[in-house]
Amino acid sequence: MVKMLKTRALVLRSRPLGERDRLLSLLTLEQGKLSAVAPGARKIKSKLAAGVDYFTCGSFLLYRGRSLFTVSQLEVETSFRNIRENIRAYAYGMFFAELTDKLLQEGEPAPEIFHLLFNCWSSLDENKADQELLARFFELKILSLLGYHPHLKGCLYCGSTAGPFFWSNSSGGIFCEKCRPGGAVFPFAKGTCSLADSLLGMAPEKVANVRASAIQKKELKDFNHHFLQYWVDVTSFQGLSFLEKIVNVEKDK
Amino acid sequence: MLFSPSITRLVEVFRRLPGIGPKTALRLTFFVLTMKNEEVQEMARALVEAKKRVRYCTRCRNLTEDELCPVCRDERRDKALLCVVQEPRDMMVIEKTGQFKGRYFILHGALSPVEGIGPDELMIPQLLQLIKDKKIEEVVIATNPNVEGDATAYYIAGAAKPLGVRVTRIGFGLPVGGDLEYADELTMTRALESRREM
């Protein structure tokens, strides 16, 4: 097994470890998610400190220990500076990182997800796209890349493209009014369904051109979280409740 | 079982402390067992009393045994100048310099979606009320220079500026005694941005 690993990586999580170290969750381009210790990274004169924080993309030199990797050297490529200066962008960016960290298993290469997260952080940094739509795009894309691609191109049974549709988690697709199965189904307006489908086939930089009504955004959010909940426990996502808090505080102003 | 239940229990208690692993916990346990009875009792009393007496200052949320901490009670302090820090330890570091003559507000953390810490948990509404009530003229934000500290600083600045107060942040730059060649891009960028006239 290779002892040293030189790779591009995104920092998904960074938390204090002991008195002076940091424990990182990295999404590497070649080897997927892995955990690494950044020794001494909390010291003010540490050479690693600036590169082991959230929203960092860098070139890391890691060496494999018994259970964890250790960061030996790193060079920061970009640190998405504007994200940390805008509380909403920060909250969305952290949510993307948390979702990626919780959905990926260690050691499974996921270069498409690496590029997806990098592009979505870039989009937040440039503040071009509607942040809410970007979050919906990210949720749909990451589920699709992990193998949970939803079927949104017409009724699963008869192929009808006339709405309204009903989403079924167990079937992984939509049904028309006539063919809707029994049990739990989620109602889905035709326009929102088309929006979700177009987001799924879109490149991240194109999300900036998408427009949606407040009702569509709300319906898409409810659908995504209903879909996510089927595979992972959405209530465990701290990032989501933080976003709600921030949005509520802004409404109160 | 290798050790008696009392020893095992004490080891478990020490292990709850930050930075204490199983070996250090065992070493501390054996050390306590070699101490004199009076010393052990004094240690136990100190722990219980500190926990019982120490509370948050009602004004700045510093740790104190009275309603107000010594800094808030000090009338010579500049009442119009307020420094916002993450932890009481950060306040101590600033106090050691002897350069800051204002008062403090301690957040006891930073905004962190991952840890579920939002503005209410940091008592930011209480901070804004303090700025209004005490006629603060300048708020100096001294949160950590990392992502969470930056987000907290920008959030406070955004909320405090409409109150008509001057909001500043402590400078960023190179550590004293460091070599320029080892500086990373982000630190260097910030050092250049906060350069000053000589």
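What counts, and where the lines are drawn
Residues numbered from 1 in each chain as written. Chains lettered and ligands numbered in written order. Predicted model: local features only at pLDDT ≥ 70, side-chain atom pairs only at ≥ 80, totals over all residues. Heavy atoms only, no water. Domains from an automatic or database assignment. Contact = heavy atoms within 4.5 Å. Buried area = accessible area lost by both parts, 1.4 Å probe. Patch = residues over 30% accessible without salt bridge, like charges linked within 9 Å, V, L, I, M, F, W, Y side chains within 5 Å. Areas by Shrake-Rupley, 256 points an atom, 1.4 Å probe, with all protein chains shown as cover. Salt bridge = Lys/Arg side-chain N within 4 Å of Asp/Glu carboxyl O. Helix = DSSP H or I, 4+ residues; strand = E, 2+ residues; numbered from the N terminus. Pairing = 2+ DSSP bridges. Axes fitted to C-alpha atoms, helices over the stretch in contact; angles between N-to-C directions. Parallel < 35°, antiparallel > 145°, perpendicular 65-115°, else oblique. Nonpolar A, V, L, I, M, F, W, Y, C, P; charged D, E, K, R; others polar. Polar contact = N/O pair within 3.5 Å; in protein donor to acceptor, adjacent residues only side chain to side chain. Phe/Tyr/Trp six-rings, centres within 6.5 Å; stacked < 30°, edge-to-face > 60°. Buried < 20%, exposed > 50% of the residue type's maximum accessible area, 1.4 Å probe, protein only. Right-handed = clockwise from strand over helix to strand, strands pointing away.

**A short note on the domain arrangement of chain B**
Move 1: Under the domain assignment used here, chain B contains domain 1 (5-53) and domain 2 (73-197).
Move 2: Just the C-alpha atoms count here: the centres of domain 1 of chain B and domain 2 of chain B sit 36 Å apart.

**Considering the domain arrangement of chain A**
All names here are of chain A.
Move 1: Domain annotation of chain A identifies domain 1 (4-79) and domain 2 (82-252).
Move 2: Taking only C-alpha atoms, the centre of domain 1 and the centre of domain 2 are 29 Å apart.
Move 3: Across the boundary between the two partners, domain 1 contributes 24 residues, which contact 22 residues of domain 2.
Move 4: Taking both partners together, domain 1 and domain 2 bury about 1900 Å²; carbon and sulfur atoms supply 68% of that area.

**With respect to a nonpolar patch on the surface**
Move 1: Among the surface-exposed residues, B:Val54, B:Tyr56 and B:Leu63 lie close enough to one another that they form a single nonpolar patch of about 260 Å² accessible area.
Move 2: Checked against the element boundaries, B:Leu63 lands in strand β2 (residues 63-64).

**Some points on the sheet that holds strand β7 (residues 173-176) of chain A**
Residues and elements named next belong to chain A.
Move 1: The three strands lie next to each other as β7-β6-β8, forming an open sheet whose pairing is antiparallel. For this open sheet the edge positions go to β7 and β8 (186-188), each flanked by a neighbour on one side alone. Ignoring which end each strand starts from, the neighbouring axes of this sheet average 40° apart.
Move 2: Across three bridges, strand β6 (residues 165-168) lies against β8 in antiparallel orientation. Bridging from a neighbouring strand, Phe165 pairs with Phe188 of β8.
Move 3: Against the sheet, helix α5 (residues 190-200) engages β6, β7 and β8, with an angle of about 90° to β8.
Move 4: Along the sheet, helix α6 (residues 214-231) contacts β6 and β8; its crossing angle with β8, the most-contacted strand, is approximately 145°.

**Digging into the packing of helix α2 (residues 87-103) of chain A against helix α3 (residues 111-126) of chain A**
Residues and elements named next belong to chain A.
Move 1: At their nearest, the axes of α2 and α3 sit 10 Å apart, and the two run at 175° to each other. Looking at the two axes, α2 sits roughly antiparallel to α3. Taking contact as the criterion, the partners of Ala89, Tyr92, Gly93, Phe96, Ala97 and Thr100 in α2 are, on α3, Ile113, Leu117, Cys120, Trp121 and Leu124.
Move 2: The residue makeup of the contact of α2 with α3, split by class, is nine nonpolar, two polar and no charged.

**Some details on the interface of chain A and chain B**
Reports often express the size of an interface as the amount of accessible area lost when the parts come together.
Move 1: Between chain A and chain B, the contact holds 24 residues from the first and 28 residues from the second.
Move 2: In terms of surface lost to chain B, no three residues of chain A exceed A:Arg81, A:Arg84 and A:Tyr90, which account for 23% of the buried area on that side.
Move 3: Joining chain A to chain B, the criterion identifies three salt bridges.
Move 4: Ionic pairing is found between A:Arg13 and B:Glu115, a salt bridge with its closest N-O pair at 3.4 Å.
Move 5: Summed over the shared surface of chain A and chain B, the number is six residue pairs in polar contact (both at pLDDT 80 or more).
Move 6: At the level of secondary structure, the elements contributing two or more residues to the side of chain A that touches chain B comprise β5 (69-78), α1 (81-84), α2 and α7 (238-252) of chain A.

**Regarding the packing of aromatic side chains**
Residues and elements named next belong to chain A.
Move 1: Counted under the stated rule, the structure contains eleven aromatic pairs over all chains.
Move 2: Relative to Phe227, the ring of Phe223 lies with its centre 5.8 Å away and its plane at 20°, an arrangement referred to as stacked. You can see Phe223 and its partner Phe227 sitting in helix α6, four residues apart, about one turn around the helix.
Move 3: Residue Phe227 is classed as buried on the basis of its relative accessible area, which comes to 3%.

**Some thoughts on the pairing of strand β5 (residues 138-142) of chain B**
All names here are of chain B.
Move 1: In terms of burial, β5 is a largely internal element, five of the five residues being buried.
Move 2: With four bridges connecting them, β5 and strand β6 (residues 166-169) associate as parallel partners. In the sheet register, Glu138 faces β6, and the bridge partner there is Arg166.
Move 3: Once you follow β5 into helix α7 (residues 147-160) and on to β6, the crossover reads as right-handed.

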